[in-house]
Amino acid sequence: MSVKINENYLLLKSNYIFAEINRRVEEFQKENPNAQIIKMGIGDVTRPLPRAVVEAFDKSVLEMGDADTFMGYGPEQGYKFLIEEIIKNDFKPLGIELSTDEVFISDAAKCDTANIQEIFGIENVIAVTDPVYPVYVDSNVMAGRSGPMQTSGRYEGIVYLPCTAENNFIPELPENPVDLIYLCLPNNPTGTTLTREELSKWVKYARENNSIILFDAAYEAYITEEDIPRSIYEIEGAKEVAIEFRSFSKNAGFTGTRCAFAVVPKEIVAYDADGKAHDLNSLWNRRQTTKFNGVSYPVQKAAMAVYTPEGQKEIQENISYYLNNASIVRKSMENIGLKVYGGINSPYIWVKTPENMDSWTFFDMLLKEANVVGTPGVGFGPSGEGYFRLTAFNTLENTEEAMTRITKLSF
């Protein structure tokens, strides 16, 4: 008898988009060793960790080297000292009440949004926006919730909700009932978001159809407009139908440090084959305690420093820095006649390619002629074809230089 593989992995037809980008960039750099490439593709930050965070990190690492203050295994759900600060600073000001056992500290929102599907049955129908962050789709394909990829570029069995210029990149409610709905707001990759009224429609839909919203709020810190909710729990009834994911990566520079959290309210339930309700909080807790050993003590201490007055001041400065970069990118692309979306409540700028150029052709053009790297929109789904994502996470100097190079190109 031979060992069998999980054949769902064979359904994954395309490379993970960022791996393919890296492959092309490495190949170009090898052939052009003197090229000064500016990367505005992957959503990695460039500003260093805030000083308050570094000092807390340093102090906690020293504690680990002292027998009197050494910390071994911590709680898989996260230390209470960090969870309490999260609730106090991120949710209470919004009028949202949470208990400490509803917040689960993790190493990444990417991991949480990929792993959350494990507590749901294979027969559930999932809906995703198109374009979409690839992890939502790929993790469900791996689990067996889809069929093969069709010629349209969409997987059979998954409901895609097109986000196009025609609908202002705002997804329309599913025509038929679905079970799990992935929403990323502010959106990656389009940079757009929903008003309070628009998000309320999704909560109402979920309540009426016994659906569950998986709400990725990793970029909430970049919201600048007043009518944009920072948490889905600002919408009445959302605790009964939504799980929210957040991260310290993009607001506090933790991309190389790793810390995030998921909120799983006790009110939210799903059902077994006999129709009996089970609270998802307990199921997620069971999953985490079985498969996750928790985030390290020094990292959680560092994350706690994010909420100090000093930490908040430095973080806001960094967010303003990246939003300024976003504004520069928006204006530069508009000045050369391209249609641009996002970049106001988000560090991502979604650009319509010139002359109906396909996404990968535009990628290769920018790489070879301007030595600038972005992300082809088609890598986020079929509706992303003809678009291109640029990030605001590089330095101001590199952002300005990249825009200077691009504006010199002939489209």
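K.L.:
Sorry if this is basic, but what is going on with the pattern of salt bridges here?
P.N.:
When charged atoms on two side chains of opposite charge get close, those side chains can pair. Scanning the entire structure with this criterion turns up 16 salt bridges. Between arginine 330 and glutamate 334 there is a salt bridge, and its shortest N-O distance comes to 3.2 Å. With arginine 330 and glutamate 334 both in helix 10 (residues 309-335), this residue pair falls 4 residues apart, about one helical turn. Note on arginine 330: relative accessible area 17%, which makes it buried. The class of glutamate 334 is partly exposed, set by a relative accessible area of 38%. The structure contains a network of salt bridges with shared partners spanning Glu20, Arg23, Arg24, Glu27 and Asp364.

K.L.:
I keep staring at a negative patch on the surface and nothing clicks. Help me out?
P.N.:
Side chains of Glu197, Glu225, Glu226 and Asp227 sit close together on the surface and give a patch of like negative charge. Owing to a relative accessible area of 43%, aspartate 227 belongs among the partly exposed residues under this scheme.

K.L.:
Please clarify how the packing of aromatic side chains should be interpreted in this entry.
P.N.:
The geometry of an aromatic ring pair comes down to the distance between the two centres and the angle between the two planes. For the structure on display, the rule yields 22 aromatic pairs. Plain terms: the ring middles of tryptophan 350 and tyrosine 387 are 5.5 Å apart, the flat faces sit at 5° to each other, and that makes the pair stacked. On the criterion of sequence distance, the pair formed by tryptophan 350 in strand 12 (residues 348-352) and tyrosine 387 in strand 15 (residues 387-391) is long-range, its members being 37 residues apart. Judged by relative accessible area, which is 0%, tryptophan 350 ranks as buried. Exposure remark for tyrosine 387: the relative accessible area of 9% places this residue in the buried category. Cation over ring: lysine 301 sits above phenylalanine 81, and NZ or CZ is 4.5 Å from the ring centre. Looking at lysine 352, its charged tip hangs above the ring of tyrosine 387, at a distance of 5.4 Å from the centre.

K.L.:
Would you take a moment to explain the pairing of strand 15 for this structure?
P.N.:
Each regular strand shows side chains that alternate between the opposite faces of the sheet. In terms of residue burial, strand 15 counts as a mostly covered element, since 5 of its 5 residues are buried. Going residue by residue along strand 15, you find Tyr387, Arg389 and Thr391 tucked away on one face and Phe388 and Leu390 tucked away on the opposite face as well. Across 5 bridges, the pairing between strand 12 and strand 15 is antiparallel. Across the sheet, isoleucine 349 pairs through a bridge with leucine 390, a residue of strand 15. Direction of pairing for strand 14 (residues 375-376) relative to strand 15: antiparallel, over a ladder of 2 bridges. Along strand 15, the bridge assignment pairs threonine 375 with arginine 389.

K.L.:
Got a minute to help me understand the sheet that holds strand 8 (residues 260-263) in this structure?
P.N.:
Sheet strands pair by backbone hydrogen bonding; their relative direction is either parallel or antiparallel. Read across the sheet, 7 strands follow the order 2-8-7-6-5-3-4 without closing on themselves; strand pairing throughout is mixed. Strands with a single pairing partner mark the edges of an open sheet, and in this sheet they are strand 2 (103-106) and strand 4 (159-162). Taken pair by pair, the neighbouring strands of this sheet meet at an average axis angle of 20°, ignoring direction. Taken together, the 4 bridges between strand 2 and strand 8 define a ladder with antiparallel strand orientation. The residue bridging valine 103 from the neighbouring strand is valine 263, located in strand 8. Against the sheet, helix 5 (residues 134-143) makes contact with strand 3 (126-130), strand 4, strand 5 (180-184) and strand 6 (212-216), and its axis sits at roughly 150° relative to strand 3, the strand it touches most.

K.L.:
I keep staring at the sheet that holds strand 15 and nothing clicks. Help me out?
P.N.:
Strand order in the open sheet made by the 4 strands is 11-12-15-14, with antiparallel pairing throughout. At either end of the open sheet lies a strand with only one pairing partner, and these are strand 11 (340-342) and strand 14. Packing of helix 10 onto the sheet brings it into contact with strand 11, strand 12 and strand 15, and relative to strand 11 it is tilted by some 160°. Along the sheet, helix 11 (residues 359-370) makes contact with strand 14 and strand 15, crossing strand 15 at roughly 45°.

K.L.:
Even after reading the chapter, I still don't get the pairing of strand 7 (residues 242-247), so can you show me in this structure?
P.N.:
For strand 7, the tally of buried residues reaches 6 of 6 residues, placing the bulk of the element in the interior. In strand 7, alternate side chains face the same way, and those of Ala242, Glu244 and Arg246 on one face and Ile243, Phe245 and Ser247 on the other are all buried. Sheet topology places strand 6 next to strand 7; 4 bridges connect them, and they run parallel. In the strand pairing of strand 7, phenylalanine 215 is matched with glutamate 244. With 4 bridges joining them, strand 7 and strand 8 adopt antiparallel strand pairing. When the sheet's bridge partners are listed, serine 247 is paired in strand 8 with alanine 260.

K.L.:
Whenever I open this one, helix 10 confuses me. Can you help?
P.N.:
Residues that lie three or four places apart on an α-helix share one face, since the helix turns once every 3.6 residues. The first and last C-alpha atoms of helix 10 sit 39 Å apart over 27 residues, in line with the 39 Å expected at 1.5 Å per residue. Phi turns positive one or two residues past the end of helix 10, at glycine 337, with a value near 90°.

K.L.:
I would appreciate a short explanation of the packing of helix 2 (residues 51-64) against helix 9 (residues 297-304) in the present structure.
P.N.:
Helix packing for two helices is described by the angle between their axes and how far apart those axes are. For the pair helix 2 and helix 9, the least separation of the axes is 8 Å and the interaxial angle reads 150°. As the angle between them shows, helix 2 and helix 9 are arranged roughly antiparallel. Handedness of the crossing formed by helix 2 with helix 9: right-handed. Here helix 2 contributes Val53, Ala56, Phe57, Ser60, Val61, Glu63 and Met64 to the contact with helix 9, which in turn contributes Tyr297, Pro298, Val299, Lys301 and Ala302.

Reading guide: rules and limits
- Within each chain, residue numbers correspond to sequence positions counted from 1 in written order.
- Local features in this predicted model are restricted to residues whose pLDDT is 70 or higher, and side-chain atom pairs enter the listing and the counts only when it is 80 or higher, whereas totals over whole chains, interfaces and linings include all residues.
- Excluding hydrogens and water, the side-chain figures rest on all heavy atoms present in the structure.
- One side-chain nitrogen of Lys or Arg within 4 Å of one carboxyl oxygen of Asp or Glu is enough to make a salt bridge.
- Secondary structure elements follow DSSP: runs of H or I no shorter than four residues count as helices, runs of E no shorter than two count as strands, and numbering proceeds from the N terminus.
- The buried label applies to any residue whose accessible area, calculated with a 1.4 Å probe on protein chains only, is under 20% of its type's maximum; exposed applies above 50%, and partly exposed to all values in between.
- Any residue with relative accessible area above 30% and no salt bridge may belong to a patch, with like charges joined within 9 Å and the nonpolar Val, Leu, Ile, Met, Phe, Trp and Tyr side chains within 5 Å.
- To measure how exposed things are, a 1.4 Å probe is used in the Shrake-Rupley method; for residues, cover is taken only from the protein chains shown.
- When charges are counted, Lys and Arg contribute as positive and Asp and Glu as negative, whereas His and the chain ends are disregarded.
- One atom stands in for each charge, and that atom is NZ of Lys, CZ of Arg, CG of Asp or CD of Glu.
- Note on aromatic pairs: the rings of Phe, Tyr and Trp (six-membered ring only in Trp) are paired at centre separations within 6.5 Å, and the planes decide the class, stacked below 30 degrees, edge-to-face beyond 60, tilted for the rest.
- When the NZ atom of lysine or the CZ atom of arginine is within 6 Å of a ring's centre and also within 35 degrees of its normal, the charge is said to sit over that ring.
- Any two strands with at least two DSSP bridges between them are considered paired.
- Note on definitions: angles span 0 to 180 degrees between N-to-C directions of axes, and those axes are lines fitted to C-alpha atoms, for helices only across the stretch in contact.
- We call two residues contacting when some pair of their heavy atoms lies within 4.5 Å.
- The length a helix should cover is 1.5 Å for every residue beyond the first.
- Any angle that falls under 35 degrees is termed roughly parallel, while one over 145 is termed roughly antiparallel, one within 65 to 115 roughly perpendicular, and all others oblique.
- By convention the crossing between two helices is left-handed if the near helix lies anticlockwise of the far one by an angle smaller than a right angle, and right-handed if it lies clockwise.

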